Amino acid sequence: MGETVATRARLRHPAAALAALAIGAALMVVAATAGPAASATSCLGEAEQVFLPWADPAAYTLAPGGDFEGVGTSWQLASGAKRVRGNEPFMVHESTDTRSLSIPAGGSATSPAICVGLGDPTLRLFAIGGGAASELKVEVIYETALGTVTQPVGYVPERDAWGPTLQLPFLANATGLLSLDGLTASVLFRFTALGSVGWKIDDVYVDPWKVT
């Protein structure tokens, strides 16, 4: 069945998402990761306080190809989504960056697999676009004991200027299959432009459990 207005409202409120996280943790299955998110990159990676200017002190790791600078990006692009010239203006990743990702109305982009954990499980990115009844839908794709799950994370409302989204908590690391260390899971993120207006996104970051 389709998603209700009430469901969207809950997804936009971190308190509701965190409550669901606690419930999901009780259903956690410790097993080897399999399926579409099996080939995650390592949880190790450089963490930066990229959102500190927006009063967010958390350290984030760039999602694989999340700056959209590489020619051979491994993101899965559908229905006209493509890399374009023009970077988010804050240049939080590199001052030399020149690209972002355009997602036209009805288009979508799916990230490569990334390793996430039980600590600080949030996603954040820069975005511009949308309009009345035109939102950016964010989903997480992961494995459970019952198979592959695609779960809404949140909806980014219209914005007429580049800026960071709110923190987007996701539950895959609580309800998905965990790796043998019992701490981490492998997930994909999908971004879809709903309605009749497209979006641009850039510098996609995850705040993961840092395994050392």
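Just so we're clear, the structure is a prediction, and the values are computed from it rather than from any experiment.

**Q** Whenever I open this one, the overall build of the protein chain confuses me. Can you help?
**A** A tally of regular secondary structure across the protein chain gives three helices and 15 strands. Counting every position in the protein chain, which comprises 212 residues, the buried fraction comes to 47%.

**Q** Help me understand the pattern of salt bridges in this model?
**A** Side-chain pairing between opposite charges can occur once the charged atoms of the two side chains come close. Following the criterion strictly, the structure yields three salt bridges and no others. Residue Arg124 pairs with Asp56 through a salt bridge whose shortest N-O separation is 2.8 Å. Taken as a pair, Arg124 in strand β8 (residues 122-129) and Asp56 in the loop between β1 (29-30) and β2 (61-62) lie far apart in primary sequence, 68 residues in all. Neither residue differs from the other here; Arg124 and Asp56 are each classed as buried. Of the charged contacts, one joins Lys137 and Glu139 as a salt bridge, the two residues approaching to 3.5 Å between their closest N and O atoms. Taken as a pair, Lys137 and Glu139 share a single burial class, namely buried.

**Q** Mind showing me how you'd approach the side chain of Asp56 here?
**A** Given a relative accessible area of 6%, Asp56 falls into the buried group. Reaching out from Asp56, the side chain makes a polar contact with the side chain of Tyr60 at a distance of 2.6 Å. Those residues in contact with Asp56, other than ones at most four positions away along the chain, are Phe51, Arg124 and Gln167.

Criteria and thresholds
- Residues numbered from 1 in each chain as written.
- Predicted model: local features only at pLDDT ≥ 70, side-chain atom pairs only at ≥ 80, totals over all residues.
- Heavy atoms only, no water.
- Helix = DSSP H or I, 4+ residues; strand = E, 2+ residues; numbered from the N terminus.
- Buried < 20%, exposed > 50% of the residue type's maximum accessible area, 1.4 Å probe, protein only.
- Salt bridge = Lys/Arg side-chain N within 4 Å of Asp/Glu carboxyl O.
- Polar contact = N/O pair within 3.5 Å; in protein donor to acceptor, adjacent residues only side chain to side chain.
- Contact = heavy atoms within 4.5 Å.

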